[in-house]
Amino acid sequence: MSWCDDFRHIIRPDVPLAPLTWYRLGGAARWLCEPRTPAEAVALLAAIRAAGAPWRVLGRGANVLVADRGFDGAVIRLVGPEFERVTFDGPCVSAAAGADLSALIRDCIERGLVGLEALAGVPATVGGAVRMNAGGRHGEVSAFVTRVHVLNERGERETRSVEQAGFGYRRSRLEGCVVLAADLRLAEGNREEARRRHSAIWKEKAAAQPPLSVRSAGCVFKNPPGQRAGKLLDEAGVKGLRVGGAQVSERHANFIVVHEGARAQDVLDLAEMARQRVLMHAGVELELELDVWN
Ligand SMILES: Cc1cc2nc3c(=O)[nH]c(=O)nc-3n(C[C@H](O)[C@H](O)[C@H](O)COP(=O)(O)OP(=O)(O)OC[C@H]3O[C@@H](n4cnc5c(N)ncnc54)[C@H](O)[C@@H]3O)c2cc1C
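Worth saying up front: this structure is predicted, and the values here are computed from it rather than measured. (Residues numbered from 1 in each chain as written. Predicted model: local features only at pLDDT ≥ 70, side-chain atom pairs only at ≥ 80, totals over all residues. Heavy atoms only, no water.)

Surveying the vicinity of the ligand reveals 33 residues, the closest of which are Val57, Gly59, Pro123, Gly135 and Asp291. Alanine 62 places a polar main-chain atom, nitrogen or oxygen, 2.9 Å from an oxygen atom of the ligand. A distance of 2.7 Å separates an oxygen atom of the ligand from a polar atom in the side chain of threonine 125. Grouping the constituent residues of the shell around the ligand by class yields 19 nonpolar, nine polar and five charged. Counting the residues that make up the shell around the ligand, at least three belong to each of domain 1 (3–77) and domain 2 (82–195). (Near = heavy atom within 4 Å. Polar contact = N/O pair within 3.5 Å; in protein donor to acceptor, adjacent residues only side chain to side chain. Nonpolar A, V, L, I, M, F, W, Y, C, P; charged D, E, K, R; others polar. Domains from an automatic or database assignment.)

So, about the environment of arginine 196. Along the polypeptide, arginine 196 turns up in helix 5 (residues 191–208). Separated by 79 residues in sequence, arginine 196 and glutamate 117 place their C-alpha atoms 9.6 Å apart. (Helix = DSSP H or I, 4+ residues; strand = E, 2+ residues; numbered from the N terminus.)

Partitioning the chain into structural domains gives domain 1 (3–77), domain 2 (82–195) and domain 3 (229–293). If you look at the interface, domain 1 gives 15 residues, while domain 3 gives 13 residues. Each partner contributes to the roughly 1,300 Å² buried at the junction of domain 1 and domain 3, and carbon and sulfur atoms together form 65% of this total. Among the residues of domain 1 in contact with domain 3, Tyr23, Asn63 and Leu65 are the three that bury the most area, contributing 47% of the side total. In this structure, the connection of domain 1 to domain 3 is made through zero salt bridges. When contributions to the side of domain 1 that touches domain 3 are tallied by element, the ones reaching two or more residues are strand 3 (55–58) and strand 4 (64–66). (Contact = heavy atoms within 4.5 Å. Buried area = accessible area lost by both parts, 1.4 Å probe. Salt bridge = Lys/Arg side-chain N within 4 Å of Asp/Glu carboxyl O.)

To locate leftover empty space, one rolls a probe as large as a water molecule over the atoms. Taken as a whole, the second largest pocket encloses approximately 170 Å³ of empty space. Contributing to the lining of the second largest pocket are 13 residues, with Arg131, Met132, Arg170, Lys222 and Glu289 lying nearest its centre. Of the residues in the lining of the second largest pocket, the class split is three nonpolar, two polar and eight charged. Mapped onto the domain boundaries, the lining of the second largest pocket takes at least three residues apiece from domain 2 (82–195) and domain 3 (229–293). (1 Å grid on protein atoms, 1.4 Å probe; cavity = no way out; pocket = protein on both sides within 12 Å on 5 of 7 lines; lining within 4 Å. Points joined across faces, edges and corners; volume = space filled by probe spheres on them.)

A few words on helix 7 (residues 264–282). Between its terminal C-alpha atoms helix 7 stretches 27 Å, which fits the 27 Å expected from 19 residues at 1.5 Å a residue. When helix 7 is considered as a whole, its buried residues turn out to be Ala264, Asp266, Val267, Leu270, Ala271, Ala274, Arg275 and Val278. Buried residues in helix 7, looked at end-on, bunch into an arc of 165°, giving them a common side. Those residues of helix 7 hidden inside the fold are in contact with strand 4, helix 6 (229–235), strand 15 (242–243), strand 16 (246–248) and strand 17 (256–258). Just beyond helix 7, the residue with positive phi is glycine 283, at close to 70°. (Expected span 1.5 Å × (residues − 1). Buried < 20%, exposed > 50% of the residue type's maximum accessible area, 1.4 Å probe, protein only. Arc of directions from axis to C-beta.)

The following block contains the structure:
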C-alpha cells in the first residue's frame, strides 16, 4: 500500500515537467498531483508529509528550472475551477492561487481597479507571484495583498496577515507553505490611465528584455542590496556567453535564454560562469532568483 493509493484520481506518476515550465527543460516528476479543491489539497499534503516524500508546488513554472534528472518527489499543481476563481467586492479582490496573474491584471483594469498593472509582463499564477513577491521597478504584488490563505508548514489551513507573510525583495515567509488564495485591495481609479500605464510598462519591458516567445525564466539573479544584477553582469562582459544550448541574452545580461537542444545543466553551468565573472570583476556574490529543482 502506497501513500498515493487513495489519490489515484488526482495523481499521475512520472510526468515530464518540461512542458509545464517556461524554460521547457528538465526531467519528470515522480508524481504530479492536481488536487481539485482546498480540502483535497489538505488531505493530499497530509499523505505526502506522512510518507516523508519531498514535495514542491508548481505555478506557471516561470521562475523554476527543473534539473535534467527530474524531481524525485511530489509536484502539486493547483489547477481547475476552484483554484482559478476570482471574486470582486468593490476594491477588494479574492484570487485563488491558480488564477493567471496577467488575466487578473486585465480584469482589474477593466473594472477600474488600479495598481496591479505595475506587474504587467510578469508571467505567473497568483500563488507563485505571492510566494515570490513578484514585481519590479513599478511595484511588487505585496503592496496590494491584505491576507494570504495557506496550508502552513504543518499542513494546516491558516490565514496570514501581510505582516505574517513576511514579504521582502523577491521573498516571503511562505516557504514550506502552499498558497491557496490571496486577498488583495486595489484602488478605484481611472481605467484609461491604468490601461495606458499597463501598455507603457509592457512596451518598456519589450524594449529591454528578450521577447516573450524566447524561452527564459526572467531574471536569473537577484539584485544585491543597492545594486543591479543586470548592470554588474553587463559590466562583467557576460552578454552573449554560451554553454551548450543556453545563452546570456544580448538584450539583458540577467536573462539566460535557451535554444533548441538545451539541457537544464547548460543553464546551470552558464549561470555559474556568469556568477564567477561578476565575482572576479566586481567582487560581488550574486544569488540565484531562479528556483532550481533537483
Ligand atoms: C519572461 C519572464 C519575465 C519575468 N519577469 C519578472 C518580473 O518582472 N518580476 C518578477 O518578480 N518575476 C519575473 N519573472 C519570474 C516569474 O514570472 C515570477 O517569479 C513569478 O512569480 C512566478 O510565478 P509562477 O506561478 O510561474 O511560479 P513558479 O515559477 O511555478 O514557482 C516559483 C516559486 O513559487 C513557488 N510556488 C508557486 N506556486 C505556489 C503556491 N501556490 N504556493 C506556494 N508556493 C508556490 C514554487 O514552488 C517556486 O518556489 C519573469 C519570468 C519570465 C519567464
